[in-house]
Amino acid sequence: MDLVGVVVTALWAMGPAYVPNNAAVLAGGGRPIDGGRTMGGSRLLGDGKTWRGTAAGTVAGTALALAMNELAPTVGDVLGHSLPRFPLLAGIGLALGAMLGDIGASFLKRRSGRERGAAFPGLDQLDFVVGALLLALVVAPGWFLATFTRPVLVAILVVTPLLHVVTNGIAYLLGLKNEPW
């Protein structure tokens, strides 16, 4: 597969993981997952991680995977590359995994003394990727191994931080986020 095909496949395959955290921000509010509990004097997760946001993000990412299945032949023809389709479990795994990765990062941030919204370079850009890939591997291993080849994984690790910075900057400018990271 040529470089363009690798990048196209990487972006397409990660689509259902790229959307959930944005959908969670838009759904906003609700009951915090940690219920206000603390550990060592700081919140386990904080008010930004809610049940409603997690559910909304998971549903949005899964719905996107199903919609992308319908669009794959047409978009693939336009781009000149065959695009992977998402088995239902793969779509759920990518979406829920992205949310769980972000929740795990929030836990690590609280343990390191960082407040909600504080930057944590590296973790902020790749937490959801690690969660999405791990859960997709667990729930849809055959699809995962066929889709996420080594070059595709490298492309994801290079392109995702760039996309993360750009999309967070846009959300900040639109007033949807309190910080640009």
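The shown structure was predicted, so the numbers you read here are calculated from the model rather than taken from an experiment. (Residues numbered from 1 in each chain as written. Predicted model: local features only at pLDDT ≥ 70, side-chain atom pairs only at ≥ 80, totals over all residues. Heavy atoms only, no water.)

Chemist: Where do I start with the environment of Phe128 in this structure?
Modeler: For Phe128, the location among the structural elements is in helix H5 (residues 123-139). Sequence-wise, Phe128 and Leu173 are 45 residues apart; in three dimensions their C-alpha atoms are separated by 22 Å. Phe128 has contacts with Ala17, Tyr18, Asn21, Gly97, Ala98, Gly101, Asp102, Thr160 and His164, leaving out every residue within four places of it along the chain. (Helix = DSSP H or I, 4+ residues; strand = E, 2+ residues; numbered from the N terminus. Contact = heavy atoms within 4.5 Å.)

Chemist: Just to check I follow, could you spell out the pattern of salt bridges for this structure?
Modeler: Pairing is possible between side chains that carry opposite charge, provided their charged atoms lie close to one another. Scanning the model with the defined rule gives three salt bridges in all. Between Arg43 and Asp34 there is a salt bridge, with its nearest N and O atoms 2.7 Å apart. Classification of Asp34 as buried rests on a relative accessible area of 3%. One salt bridge in this structure joins Lys49 and Asp102, with 2.6 Å as the shortest N-O distance. (Salt bridge = Lys/Arg side-chain N within 4 Å of Asp/Glu carboxyl O. Buried < 20%, exposed > 50% of the residue type's maximum accessible area, 1.4 Å probe, protein only.)

Chemist: Help me understand the nonpolar core in this model?
Modeler: Taken as a class, soluble globular proteins show a tendency for nonpolar side chains to be buried jointly. If you look at the biggest cluster of nonpolar residues, it comprises 28 residues, and the most contacted ones within it are Met14, Phe86, Leu94, Trp143, Phe148 and Ile156. In terms of residue count, the dominant contributor to this core is helix H1 (residues 3-18) (eight residues). If we ignore the near neighbours within four places in the chain, the residues touching Ile156 are Ala10, Met14, Val129, Phe148 and Pro161. (Core = buried A, V, L, I, M, F, W, Y, C linked by side-chain atoms within 4.5 Å.)

Chemist: Explain a nonpolar patch on the surface here, please?
Modeler: Nonpolar side chains collect at one region of the surface, where Val25, Leu26, Val166, Ile170, Leu174 and Leu176 lie side by side and expose about 580 Å² of accessible area between them. Among the secondary structure elements, those contributing two or more residues to the nonpolar patch are helix H2 (20-27) and helix H7 (150-173). Tracing the backbone through its elements, the reader meets Val25 in helix H2. Judged by relative accessible area, Val25 falls into the partly exposed class, the value being 41%. (Patch = residues over 30% accessible without salt bridge, like charges linked within 9 Å, V, L, I, M, F, W, Y side chains within 5 Å. Areas by Shrake-Rupley, 256 points an atom, 1.4 Å probe, with all protein chains shown as cover.)

Chemist: Where do I start with the environment of Ala65 in this structure?
Modeler: Structurally, the position occupied by Ala65 is in helix H3 (residues 51-79). A relative accessible area of 1% means that Ala65 is categorised as buried. Remark: the alpha-carbon pair of Ala65 and Arg85, spanning 20 residues in sequence, is separated by 8.0 Å. Every residue in contact with Ala65, bar those within four places of it in the chain, is listed here: Pro16, Phe86 and Gly91.

Chemist: So what exactly am I meant to see when it comes to helix H4 (residues 88-111) here?
Modeler: Residues separated by three or four positions in an α-helix point in the same direction, a consequence of the helix having 3.6 residues per turn. Given a rise of 1.5 Å per residue, 24 residues ought to cover 34 Å, and the 34 Å separating the end C-alpha atoms of H4 matches this to within 8%. Looking one or two residues past H4, Gly113 carries a phi angle of roughly 85 degrees, positive in sign. (Expected span 1.5 Å × (residues − 1).)

Chemist: What should I look at first to understand H1 in this one?
Modeler: When the terminal C-alpha atoms of H1 are compared, their 21 Å separation across 16 residues agrees well with the 22 Å that a helix rising 1.5 Å per residue should span. Its axis deflected by about 25 degrees at Trp12, H1 carries its strongest bend there, up to four residues before the proline Pro16. Most of H1 sits inside the fold, with twelve of its 16 residues counted as buried. Within H1, burial applies to Gly5, Val6, Val8, Thr9, Ala10, Trp12, Ala13, Met14, Gly15, Pro16, Ala17 and Tyr18. (Bend = angle between axes of the 7 residues up to and from the residue.)

Chemist: Help me out: how do you make sense of the packing of aromatic side chains in this one?
Modeler: When we look at a pair of aromatic rings, we describe it by the centre distance and by the angle of the planes. Summed over the entire model, instances satisfying the criterion amount to four aromatic pairs. Taken together, a centroid distance of 6.0 Å and an interplanar angle of 65 degrees make the contact between Tyr18 and Phe128 edge-to-face. In this pair, Tyr18 is assigned in helix H1 and Phe128 in helix H5, connecting sequence segments 110 residues apart. The class for Tyr18 is buried, based on a relative accessible area of 19%. The class for Phe128 is buried, based on a relative accessible area of 6%. Here the aromatic rings of Phe86 and Trp143 are separated by 5.6 Å at their centres, their planes lie at 45 degrees, and the arrangement is tilted. Within this pair, whereas Phe86 is found in the loop between H3 and H4, its partner Trp143 is found in helix H6 (residues 141-147), the two being separated by 57 residues in sequence. Here the two residues Phe86 and Trp143 agree in accessibility, since each one is buried. (Phe/Tyr/Trp six-rings, centres within 6.5 Å; stacked < 30°, edge-to-face > 60°.)

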